[in-house]
Amino acid sequence: MNFDFSEDQKLLQKTARDYLEEHCGLDVCRDVLESGGTHSEALWKGVAEMGWLGAAVPEDFGGAGFGRLELSLIALELGRALAPIPFAPSVYLATEALLEFGSDAQKKKWLPRLASGELIATFALAERPGRAGLAGVETTLARNTITGTKFPVPDGQLAGLAVVVVRGEAGPALALVELDASGVETTPIDSIDPSRPQSRIVFQGAAAEPLAKGIGTAAVSHLLDRAAVLTAFEQIGGAERALEATREFTLGRYAFGRPVASFQAIKHRLADLYAAIQLATSNAYYGAWALSTGDAELGTAACGARISASEAFNLAGEEIIQMHGGVGYTWEYDCHLFYRRAKLLSLCLGSPGEWRDALIDRLEA
Amino acid sequence: MDFNDTPEEAAFRAEARTWLEANAEPLPPGKRRASGMDRDDLLPEAKAWQAKKADHGWACLTWPKEYGGRAAPGIHSVIFGQEESKFDVPPYMFGIGQGMLGPTIMAHGTEEQKTRYIEPLLRADEVWCQLFSEPAAGSDLAGLRTSAVKDGDDWIVNGQKIWTTGAHYSDFGMIVTRTDPTAAKHAGITYFIVDMKSPGIEIRPIVQINGAKDFNEVFFNDVRIPDANRVGAVNDGWRGAITTLMNERASIGSGGGMGVGISDVLRLARETDWGGRKAIEDTSVRERIADFYWKLKGLEYTGYRAQTSLSRGQTPGPENSIGKMVGAPLRQEMAAFAMELQGAAGAASGDAASLGGAFQAAWLGSPGLRLAGGTDEILHNIVAERVLGLPGEIRVDKEKAFQDIPTGSLK
């Protein structure tokens, strides 16, 4: 039984943690949140130099040639740091889409630029409130142009390239769109987590190139499954950090002559939060295994990872505020950074409810 | 990351499988190995199987060789258990003695005690019970009142133990007693081995809410225990009790003992009528089942993480402590959900109910799981204190002499 990361992978994780502790304190996230900026340019550059953008990209395409296990641990550390950069859409979605579904020509054209960080990509799926699902996608692809509205899209203002979920002739498909082309109108929108900006993108006959093998519901679902596992690691990293911060605060804060952490209600709820994080961690590990081995269990593993990680991080986001008492509700304290990021990550690939529905479909298939 | 044995583990597994194939029949499909709970009639067969394993070096694998074990790493125990579970063998009814009390004697007993008791315990020639809890001392075990008073070379024991599994068929027990009520509560406790056939011991079964009788009250009326049976120093018995309790925690649980699983719930939902469709098509049903799924899988995969530690010769990490804390209430919730799914018919039980009443049986059994072996509440304290390092509960009884501690009106 070897249901754990290797020593080398853990060393990579430690390197990532040390790097982010030095270069991505919570003030970096707060800075983007407060300034209305698109991301931390310095951090993006640093992360690119560390080789993380191309962690799972083969060396032939300018990457580091590692695998999804290494990428999972990088995701964990980025989540822990609430890193305010477009890593998730560019790496877990766009880069993964090219790796899984791109033609050699498409890979050659785009992967090196994504791996170097010179190009930022994003992913556009949702179109309107609710649960349209892949069958409900209305953005159409016809004769290599796309028309329709995507909302919300992460990093729309920043990205040069988007992988867009479209309705093609054969059903749902993935298409590459250069966002600075004509027929693309990107508008920033307000969101609950300004450290990860969102936009609305209207496509009017914009040039689009289908991803060679990214055709059909199974393909698009598979991409979302991959991203769900990697995102789960970010969620878990954030949840762990929130638990640690809450623990530290409640140990130091006294009421009625003793630490707030000594009251049983607080102790028991933190025990529950710990358990939720461990259940999520275990589910995410299984997802990482399925992702790294290409196992068919990825379908159910991704659902388990996403739902459990969303529950854990959302709970952590709520508890960190509640257990800080009144100061937890201030702008000045960092609690709301976790509250916001947890909610965003639990919605961005579709809410946990959608993934619960998908899980039963897959168990019954 | 993989689920493979190391070469050494694979070799051990093959050896275990070979021996089992030569000495037992495979489990027929659909048949589950009986648990020993409420099945005293299976004790003779259970003992015979344990003796056979002992004869061939397959008993208590992790115990030192001098006591009949193989000094094997913990992972070997897990592997043997996995292989054994595929065979139609009698239930294992010796977990208390072999899992907890034997290791306690090995850690704290005299050489004479080890020589006299360990081997028959390993072979299940002698069966043991744990005499810990009392009506006034469950979660607060150190609040125990059963007294032991020195009389020559013996101790005279008076009092009552409760929740003693298997007392009625046990040969020996290990009992924690109060030997100095003037000392603070942890400081006046002494630990003994007691012959369950001693005069003055009266055993009465406790009937559980599900009608089973796995546990007993054990009354001690002037029971004589020789000083030679004392384990550890006088008034230092709490140390040994902690060893016993630590060993209770050492077992690696995986999903095994749930009784009903996710596939049973899915099948039920598929077959149950639901407003012109089947329940599995209803969103609220799907959401509940999905949540059971990832929680159960989370526990199962957490077990794999623990096994991985064992495989590396390490102690399983703190995440392993969530198993019962999460699993016990989850079992109750799932059983209740399955019954609700059936509407009024969910109240039927036994053969009148679907799955032979397995959901109803699980529902009736589940409150006990949330209480035995550490209540939900105590487990939350343990995770908070030992895993998260949060402060312990305020003790109003810490400095007091035991006899001065308030006890309330319920006796």
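Residues numbered from 1 in each chain as written. Chains lettered and ligands numbered in written order. Predicted model: local features only at pLDDT ≥ 70, side-chain atom pairs only at ≥ 80, totals over all residues.

Attention shifts here to the overall build of chain B. When helices and strands are counted, chain B shows eleven helices and ten strands. Computed over C-alpha atoms, the radius of gyration of chain B comes to 23 Å, within 12% of the 22 Å expected from 2.2 N^0.38 for 411 residues, which places it in the range of a compact globule. Projected onto its principal axes, the C-alpha coordinates of chain B cover approximately 75 × 55 × 45 Å. Each of the 411 residues in chain B was classed as buried or not, and the buried ones make up 37%. Contacts in chain B between residues at least 24 apart in sequence constitute 70% of all its contacts with a sequence separation of at least 6. (Helix = DSSP H or I, 4+ residues; strand = E, 2+ residues; numbered from the N terminus. Rg over C-alpha atoms; globule rule 2.2 N^0.38 Å. Buried ≥ 20, exposed ≤ 12 C-beta atoms within 10 Å, placed from the backbone. Contact = placed C-beta atoms within 7 Å.)

Right, let's talk about the overall build of chain A for a bit. On a plain count of helices and strands, chain A comes out with eleven helices and ten strands. By the compact-globule yardstick of 21 Å for 365 residues, chain A fits well, its C-alpha radius of gyration being 20 Å. Here chain A, with 365 residues, has 56% of them falling under the buried criterion. Nonlocal contacts in chain A, meaning residues at least 24 apart in sequence, comprise 74% of its contacts between residues at least 6 apart.

Let us now look at the interface of chain B and chain A. Contacts between the two partners involve 35 residues from chain B and, on the opposite side, 36 residues from chain A. Among the secondary structure elements, those contributing two or more residues to the side of chain B that touches chain A are helix 8 (283-311), helix 9 (322-341) and helix 11 (376-387) of chain B. At 16 residues, the largest contribution of residues to the side of chain B that touches chain A is made by helix 8 of chain B. In terms of residue class, the side of chain B that touches chain A is built from 19 nonpolar, eight polar and eight charged. (Nonpolar A, V, L, I, M, F, W, Y, C, P; charged D, E, K, R; others polar.)

Residue and element names in this part refer to chain B. Here chain B is partitioned into domain 1 (7-93), domain 2 (128-240) and domain 3 (255-373). Tallying the contact residues gives five residues for domain 1 and four residues for domain 3. The element contributing the most residues to the side of domain 1 that touches domain 3 is helix 3 (residues 74-84), with three residues. A breakdown of the residues in the side of domain 1 that touches domain 3 according to their chemical character gives three nonpolar, one polar and one charged. (Domains from an automatic or database assignment.)

A word on the pairing of strand 7 (residues 198-207) of chain A. A regular strand places its side chains on the two faces of the sheet in alternate fashion. Residue and element names in this part refer to chain A. Note: strand 3 (residues 145-154) against strand 7, eight bridges, orientation antiparallel. What sits directly across from Thr147, in strand 7, is Gln204. Bridge count between strand 6 (residues 184-189) and strand 7: six bridges; the pairing is antiparallel. Along strand 7, the bridge assignment pairs Glu185 with Val202. (Pairing = 2+ DSSP bridges.)

Here we come to the environment of Ala301(A). Residues and elements named next belong to chain A. Relative to the assigned elements, Ala301 resides in helix 9 (residues 298-323). Residue Ala301 is classed as buried on the basis of its C-beta count, with 29 C-beta atoms lying within 10 Å. Residues Ala301 and Glu118, spaced 183 residues apart in sequence, show a C-alpha to C-alpha distance of 33 Å. Non-local contacts of Ala301, meaning those with residues more than four positions away in its chain, are made with Tyr286, Gly287 and Ala290.

Moving on, we come to the domain arrangement of chain A. All names here are of chain A. When its domains are assigned, chain A resolves into domain 1 (7-116), domain 2 (121-215) and domain 3 (218-364). Placing a centre on the C-alpha atoms of domain 2 and another on those of domain 3 gives a separation of 27 Å. Contacts between domain 2 and domain 3 engage twelve residues on the former and nine residues on the latter. The biggest single contributor to the side of domain 2 that touches domain 3 is strand 8 (residues 209-215), with three residues. Of the residues assigned to the side of domain 2 that touches domain 3, the class counts are seven nonpolar, one polar and four charged.

Looking now at the nonpolar core. Core analysis: the biggest nonpolar cluster contains 162 residues, and Ala175(A) and Ala316(A) have the highest contact counts within it. Considering each element in turn, this core owes the most residues, 17 residues, to helix 8 (residues 264-293) of chain A. Beyond its immediate sequence surroundings of up to four residues, Ala316(A) is in contact with Ala239(A), Ala242(A), Leu243(A), Leu273(A), Phe338(A) and Ala342(A). With 51 residues, the next largest nonpolar core counts Trp49(B), Ile75(B), Phe132(B) and Ala148(B) among its residues. (Core = buried A, V, L, I, M, F, W, Y, C linked by C-beta atoms within 7 Å.)

On to the packing of helix 7 (residues 217-252) of chain A against helix 8 of chain A, then. Residue and element names in this part refer to chain A. Contact geometry of helix 7 with helix 8 gives a least axis separation of 9 Å together with a crossing angle of 155 degrees. Taken together, the axis directions place helix 7 and helix 8 in an arrangement best described as roughly antiparallel. The two elements helix 7 and helix 8 meet at a crossing, and its hand is left-handed. The residues of helix 8 that touch helix 7, namely those facing Arg226, Val229, Ala232, Phe233, Ile236, Ala239, Glu240, Leu243, Thr246, Arg247 and Thr250, are Ile266, Leu270, Leu273, Tyr274, Ile277, Ala280, Thr281, Ala284, Gly287, Ala288 and Leu291. (Axes fitted to C-alpha atoms, helices over the stretch in contact; angles between N-to-C directions. Parallel < 35°, antiparallel > 145°, perpendicular 65-115°, else oblique. Left-handed = near helix turned anticlockwise from the far one by under 90°.)

What follows concerns helix 8 of chain A. Residue and element names in this part refer to chain A. Its 30 residues place the ends of helix 8 43 Å apart at the C-alpha level, agreeing with the 44 Å of an ideal helix rising 1.5 Å per residue. For helix 8, the tally of buried residues reaches 23 of 30 residues, placing the bulk of the element in the interior. One or two residues past the end of helix 8 sits Gly294, with phi positive at roughly 70 degrees. (Expected span 1.5 Å × (residues − 1).)

Further remarks concern the confidence of the model for chain B. All names here are of chain B. With 97% of its residues at a pLDDT of at least 70, chain B reaches an overall mean of 94. Ignoring residues within four places in sequence, the model shows residues 252-256, a span with pLDDT below 50, making twelve contacts including any to other chains. Per the prediction output, this complex has pTM 0.96; the corresponding ipTM is 0.95. (pLDDT = per-residue confidence, 0-100.)

We now examine helix 4 (residues 68-80) of chain A. The first and last C-alpha atoms of helix 4 of chain A sit 18 Å apart over 13 residues, in line with the 18 Å expected at 1.5 Å per residue. Counting buried positions along helix 4 of chain A yields 13 of 13 residues, so the element is predominantly enclosed.

Next up on the list: the environment of Phe123(A). All names here are of chain A. Note on placement: Phe123 falls in strand 1 (residues 121-124). Sequence separation between Phe123 and Asp27 is 96 residues, and the spatial gap between their C-alpha atoms is 27 Å. Contacts of Phe123, omitting those with residues within four sequence positions, involve Pro89, Leu93, Ala94, Ala162 and Val163.

What follows is about unusual backbone geometry. All names here are of chain A. In the segment running from Phe151 into Pro152, the intervening peptide bond is cis, with an omega of -10 degrees. Of note, Pro152 is situated in strand 3. At Arg143, a position not held by glycine, the phi torsion is positive, near 50 degrees. Secondary-structure assignment places Arg143 in the loop between strand 2 (140-142) and strand 3. Even without being a glycine, Asp155 presents a positive backbone phi close to 55 degrees. You can see Asp155 is positioned in the loop between strand 3 and strand 4 (161-168).

Attention now moves to the packing of helix 9 of chain A against helix 11 (residues 352-364) of chain A. Residue and element names in this part refer to chain A. Helix 11 packs onto helix 9 with a crossing angle of 155 degrees between their chain directions and a minimal axis gap of 9 Å. Classified by the interaxial angle, the pair formed by helix 9 and helix 11 is roughly antiparallel. Helix 11 is crossed by helix 9, and the crossing has left-handed handedness. Of helix 11, the residues touching helix 9 (which contributes Gly299, Thr300, Cys303, Arg306, Ile307, Ser310 and Glu311) are Pro352, Trp355, Arg356, Ala358, Leu359, Arg362 and Leu363. Looking at side-chain class alone, the contact of helix 9 with helix 11 contains seven nonpolar, three polar and four charged residues.

For the rest of this paragraph, the subject is the environment of Arg270(B). Residues and elements named next belong to chain B. Structurally, Arg270 can be placed in helix 7 (residues 262-271). Remark: the alpha-carbon pair of Arg270 and Thr283, spanning 13 residues in sequence, is separated by 13 Å. If sequence neighbours within four positions are ignored, Arg270 has contacts with Lys278 and Ile280.

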